[in-house]
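Analysis of the macromolecular model
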Amino acid sequence: MISEYTIGKFREIETPFYFYDLDVLRSTLDTVRKESMHSGYQAHYALKANSNPRILRIISSYGLGADCVSWNEIAAALDAGFQPSGIVFAGVGKTDKDIEAALKTEISCFNCESIPEIEVINELASRQNKTAPIALRINPYIEAHTHKYITTGIEESKFGINTWEIDEVIRRLAALKNVRLIGIHFHIGSQISRMSVFKSLCARINELQDWFSEHGINLTSINVGGGLGIDYENPEKKPLFEEYFSLLNDFINLRPGQTLHLEPGRSVIGQCGSLISRVLFIKNGSNTLFAIIDAGMTDLIRPALYQAHHRIDNLTSKGHIYRYDVVGPVCETSDTFAKYIELPETKRGDIIAIRSAGAYGEAMASRYNLRNLPAAVFSDDLA
Ligand code: LLP
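Residues numbered from 1 in each chain as written. Predicted model: local features only at pLDDT ≥ 70, side-chain atom pairs only at ≥ 80, totals over all residues. Heavy atoms only, no water.

1. Some thoughts on the site of the ligand
Around the ligand sit 18 residues in total, of which Ser190, Glu263, Arg302, Tyr306 and Tyr360 are the nearest. With respect to the ligand, the side chain of Lys48 contributes an N or O atom lying 3.4 Å from an oxygen atom. In the model, an oxygen atom of the ligand is placed 2.8 Å from a nitrogen or oxygen of the Arg266 main chain. Compared with its free state, where it exposes 590 Å², the ligand has 91% of that area covered by protein. Grouping the constituent residues of the shell around the ligand by class yields 6 nonpolar, 6 polar and 6 charged. (Near = heavy atom within 4 Å. Polar contact = N/O pair within 3.5 Å; in protein donor to acceptor, adjacent residues only side chain to side chain. Areas by Shrake-Rupley, 256 points an atom, 1.4 Å probe, with all protein chains shown as cover. Nonpolar A, V, L, I, M, F, W, Y, C, P; charged D, E, K, R; others polar.)

2. Considerations on the pairing of strand S13 (residues 321-327)
Taken together, the 3 bridges between strand S11 (residues 289-293) and S13 define a ladder with parallel strand orientation. Within S13, the position partnered with Ile292 by the bridge is Val327. (Pairing = 2+ DSSP bridges. Helix = DSSP H or I, 4+ residues; strand = E, 2+ residues; numbered from the N terminus.)

3. Remarks on the packing of helix H8 (residues 195-214) against helix H9 (residues 241-251)
Viewed as axis vectors pointing N to C, H8 and H9 meet at an angle of 25 degrees, and their least axial separation amounts to 10 Å. Judged on the interaxial angle alone, H9 and H8 are roughly parallel. Helix-helix and strand crossings are classified by hand; for H8 and H9 the assignment is right-handed. Of the residues in H9, those in contact with Met195, Phe198, Lys199, Cys202 and Asn206 of H8 are Glu243, Tyr244, Leu247, Leu248 and Phe251. (Axes fitted to C-alpha atoms, helices over the stretch in contact; angles between N-to-C directions. Parallel < 35°, antiparallel > 145°, perpendicular 65-115°, else oblique. Left-handed = near helix turned anticlockwise from the far one by under 90°. Contact = heavy atoms within 4.5 Å.)

4. A word on the packing of helix H6 (residues 115-127) against helix H7 (residues 166-173)
Contact geometry of H6 with H7 gives a least axis separation of 11 Å together with a crossing angle of 15 degrees. It follows that H6 is roughly parallel to H7 by the angle criterion. Taken as a pair, H6 and H7 cross one another with a handedness that is right-handed. Of the residues in H7, those touching H6 at Ile115, Ile118 and Glu119 are Glu168, Val169, Arg172 and Leu173. For the contact of H6 with H7, the per-class residue count stands at 4 nonpolar, no polar and 3 charged.

5. Concerning the packing of aromatic side chains
Under the counting rule described, the total for this entry stands at 9 aromatic pairs. Measuring from centroid to centroid gives 4.9 Å for Phe10 and Phe19, while their planes differ by 70 degrees, and the two rings are edge-to-face. Residue class for Phe10 comes out buried when judged on its relative accessible area of 0%. Between Tyr244 and Phe245, the aromatic rings sit 6.0 Å apart at their centres with planes inclined by 85 degrees, giving edge-to-face as the arrangement. Phe245 carries the same exposure label as Tyr244, and that label is buried. Following the ring pairs from residue to residue traces out a cluster consisting of Tyr41, Phe198, Tyr244 and Phe245. Over the aromatic face of Phe378 sits the side chain of Arg54, whose NZ or CZ is 4.4 Å from the ring centroid. Just above the ring of Phe89 sits the side chain of Lys94; from NZ or CZ to the centre is 5.5 Å. (Phe/Tyr/Trp six-rings, centres within 6.5 Å; stacked < 30°, edge-to-face > 60°. Buried < 20%, exposed > 50% of the residue type's maximum accessible area, 1.4 Å probe, protein only. Lys NZ or Arg CZ within 6 Å of the ring centre and 35° of its normal.)

6. Topic: the pattern of salt bridges
With the rule as written, the count across this model stands at 23 salt bridges. Taking the shortest distance from any N to any O, the salt bridge between Arg172 and Glu119 comes out at 2.6 Å. You can see Arg172 sitting in helix H7 and its partner Glu119 sitting in helix H6, a full 53 residues away along the chain. Among the residues examined, Glu119 registers a relative accessible area of 33% and is labelled partly exposed. Asp299 is the salt-bridge partner of Arg371, the closest N and O atoms lying 2.8 Å from each other. (Salt bridge = Lys/Arg side-chain N within 4 Å of Asp/Glu carboxyl O.)

7. A word on the nonpolar core
Core analysis: the largest hydrophobic core is formed by 95 residues, its most contacted members being Phe110 and Ile118. Once residues lying within four places of it in the same chain are set aside, the contact partners of Phe110 are Phe89, Ile99, Ala102, Leu103, Ile121, Ala132, Pro133, Ile134 and Ala135. Membership of the second largest hydrophobic core comes to 11 residues, among which are Phe10, Ile276, Ala353 and Leu382. (Core = buried A, V, L, I, M, F, W, Y, C linked by side-chain atoms within 4.5 Å.)

Okay, structure coming up:
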């Protein structure tokens, strides 16, 4: 809940801005740390969800590793106190420059998505006289039942190595002296709400593990990626970490000496952030009332890009309930946060919170229309 005191403070601040409730973040991190320690798993926070430096420092202080997709993310992780030994590097299109810098830093693992990529890493590692630890990101062909743009583990996905190519990869690896296969990696999609999807992934991992064992290949790292969803209807609700961890405990057969890794992003940071905005105008449409707010798709692109629904609260009105289309100022029809939603009577100057916006909100902001990037405000500073 956003307190009356905090709402009072919001009135003094220029909008739009992201508000991060750091108590919510810390309590989420407590749970992730407790569950990981209890199971002996290593969680790597996926920086792409939110790489605000202050947020990163808090997350690193809980002992999590980092999942990065560019050298700039690795550098941000290092600056925030993450250890190279806890950093994994993913992505279908790693550049030579990024690979070289990551090799120099001696990160813990390159999650590799194709044979050509492995060959390039081998070549660049040999120039540095190093052996790069790698994991194969395998496409397990599992439907994640989430939005198609964030589904990543089905046949037509650009991500991961096809299962029918694994034989070939292993044959090629024999000749590559500067890479060392340490594990397998998966990530089948994001905002996954059906636990049964993760159960299917576990079953697939067990099958693949058998294949590697039969071929005499010893893996020490099993990485299940991220994907645990959050409840966008109920911003106060915590992600289902306990269920998720116990499912992994119950269904993945780890072999002696193996560590299970995971890469949560949204579930760590999503519920602690809200995008705070002011109402500029109420305008009559032919069939609706538009509440035009000063935040737009440049601040939070998820509704425009994935038809995502975020709960919207009017923090400063307790009037009668009416229906509104809540829209931003950007010159695009998709700059719409919600259609025909119930809000208490809304007027110019009211303060609006778009909830559950901590993940893929600030991180995906742009300067389209030459708008300013949204600022970040932290609960600790308002106390
Ligand atoms: N690991 C890998 C390899 C990933 O590609 C991702 C997210 C994660 C971990 C973290 O997944 P999470 O736990 O956050 O679901 N912009 C989209 C989400 C894109 C996710 C991309 N990959 C959105 O706003 O819904």
